[in-house]
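These are the residues of each chain, in order.
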Amino acid sequence: MIGFAFWKTFCGLKSVNLLIINDIIKALLKDINRILREGEAMFTIAIHPPLFCVAFLVVFIITFLVRIIKREHRIRLCYIGIIELYIMLLISVTIFPIRIIPSEMRTGKNSILDFCQLIPFKDIIDIVKNSGIINIQLIGNIILLMPMPVLIGYLSKKVNYKVLFFKSILFSFGIEIIQLIIDILLSYPSRIFDVDDIILNGIGILIGMIIFKILKEQQKIYDFIGEKIVWNTQKQ
């Protein structure tokens, strides 16, 4: 019955999905024609909103099917969807757009260090000197992973804050490593590995952990959020 209901829902969305996919194909063809017509040297791969929606829908459907197969219902599906949406937003902001340029215009850099900024606080100090401490790049990097400790923390009722910080900061390292790999493969420093980004992300994670700790101490609010959004108490 569950599978049949899912299939009916999926079929109901099928026509909408086809329209979205059609719009994506038209947008891609338009970009390609513009590049060929104008002779642009650089090609940019970006995540447009329709493509993002389709990708999220696919991931969410796969999650739904896996839950049916594994019969795992400890965490509510809607909360898993929130985490997936957040991670996909992270990817779309930090990894994309990816810029591809012709081989003759590439830097010719071969060393990994050419695509890294490994001096702590170098970029932070430069940005503060040029733009002041209220800067969108600094604030954005702090806010970027601030929700992570809260989202991960709710997955377990027994929280080890050291493990929580380690799990959260792994996302920051993962983002930087993916950016580095893309730069090396394309021989173009689109988004370099920057230790200052990890430092700023770490500050945001610490703020998020403080928020989560305060929330956890407010037991009624913590339990209300957990029971209404996170934990599937009917299955426990």
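Keep in mind that this is a model prediction, so the values were computed, not measured.

Caption draft 1: Up close: the pattern of salt bridges. Inspection of the entire model under this criterion finds two salt bridges. The salt bridge partner of K122 is D126, with a shortest N-O separation of 3.8 Å. Of this pair, K122 and D126 both sit in helix α4 (residues 122-131), four residues apart, which is roughly one turn of that helix. For D126, a relative accessible area of 33% translates into the label partly exposed. Of the charged contacts, one joins E217 and K213 as a salt bridge, the two residues approaching to 3.0 Å between their closest N and O atoms. Placement of the pair is E217 and K213 together in helix α8 (residues 195-217), with a separation of four residues, close to one helical turn. On the accessibility criterion, E217 (53% relative accessible area) is exposed.

Caption draft 2: Spotlight on the side chain of E84. Along the chain, the position of E84 falls in helix α3 (residues 77-94). Buried within the structure, E84 lacks any salt-bridge partner; R67 is the closest side chain of opposite charge, at an N-O distance of 8.8 Å. Setting aside its immediate chain neighbours within four residues, E84 contacts F56, V59, F60 and T63.

Caption draft 3: Looking closely at empty space enclosed by the protein. In this structure the tally under the stated criterion is two cavities of 30 Å³ or more. Approximately 40 Å³ is the volume attributed to the largest cavity. Together, I95, P97, I98, Q179, I182, D183, S190 and R191 line the largest cavity. Ranked by residue count, the leading element in the lining of the largest cavity is helix α7 (residues 161-186), at three residues. A per-class count over the lining of the largest cavity returns four nonpolar, two polar and two charged. Looking at the second largest cavity, its volume works out to about 40 Å³. Every element with two or more residues in the lining of the second largest cavity is listed here: α4, α5 (136-144) and α8. Grouping the amino acids of the lining of the second largest cavity by side-chain chemistry returns four nonpolar, one polar and four charged.

Caption draft 4: Highlighting the packing of aromatic side chains. Per the counting criterion, the structure on display carries seven aromatic pairs. For the pair F212 and Y222, a centre-to-centre distance of 6.0 Å together with 70 degrees between the ring planes defines the contact as edge-to-face. Pair noted here: F212 is in helix α8 and Y222 is in helix α9 (residues 219-230), with a separation of 10 residues, a long-range link. Looking at F212, the relative accessible area reads 0%, which means it is buried. In this structure an aromatic cluster arises from ring pairing among Y154, Y161, F212, Y222 and W231. Geometry around W231 places K157 over its ring, the cationic atom sitting 4.4 Å from the centre.

Caption draft 5: Structural detail: the confidence of the model for the protein chain. Residues with a pLDDT of 70 or more make up 77% of the protein chain, whose mean pLDDT is 82. Per-element averaging of pLDDT across the protein chain places helix α1 (residues 2-38) at the bottom with 51 and α8 at the top with 96. With pLDDT under 50 throughout, residues 1-17 is counted as low confidence; its partners more than four residues away or in other chains account for seven contacts.

Caption draft 6: Region of interest: a nonpolar patch on the surface. There is a patch of nonpolar side chains on the surface, built from V128, I133, I134, I139 and I143 and spanning about 470 Å² of accessible area. With respect to the helices and strands, I134 occurs in the loop between α4 and α5.

Caption draft 7: Broad picture of α9. Taken together, the buried positions of α9 are Y222, G226 and V230. Angular distribution of buried residues about the axis of α9 spans 30 degrees; they occupy a single face of the element. The outward face of α9, more than 90 degrees from its buried face, is lined by the exposed residues K220, F224 and K228. Packed against the buried residues of α9 are α3, α6 (148-153) and α8.

About the thresholds
Residues numbered from 1 in each chain as written. Predicted model: local features only at pLDDT ≥ 70, side-chain atom pairs only at ≥ 80, totals over all residues. Heavy atoms only, no water. Salt bridge = Lys/Arg side-chain N within 4 Å of Asp/Glu carboxyl O. Helix = DSSP H or I, 4+ residues; strand = E, 2+ residues; numbered from the N terminus. Buried < 20%, exposed > 50% of the residue type's maximum accessible area, 1.4 Å probe, protein only. Lys, Arg positive; Asp, Glu negative; His and termini not counted. Contact = heavy atoms within 4.5 Å. 1 Å grid on protein atoms, 1.4 Å probe; cavity = no way out; pocket = protein on both sides within 12 Å on 5 of 7 lines; lining within 4 Å. Points joined across faces, edges and corners; volume = space filled by probe spheres on them. Nonpolar A, V, L, I, M, F, W, Y, C, P; charged D, E, K, R; others polar. Phe/Tyr/Trp six-rings, centres within 6.5 Å; stacked < 30°, edge-to-face > 60°. Lys NZ or Arg CZ within 6 Å of the ring centre and 35° of its normal. pLDDT = per-residue confidence, 0-100. Patch = residues over 30% accessible without salt bridge, like charges linked within 9 Å, V, L, I, M, F, W, Y side chains within 5 Å. Areas by Shrake-Rupley, 256 points an atom, 1.4 Å probe, with all protein chains shown as cover. Arc of directions from axis to C-beta.

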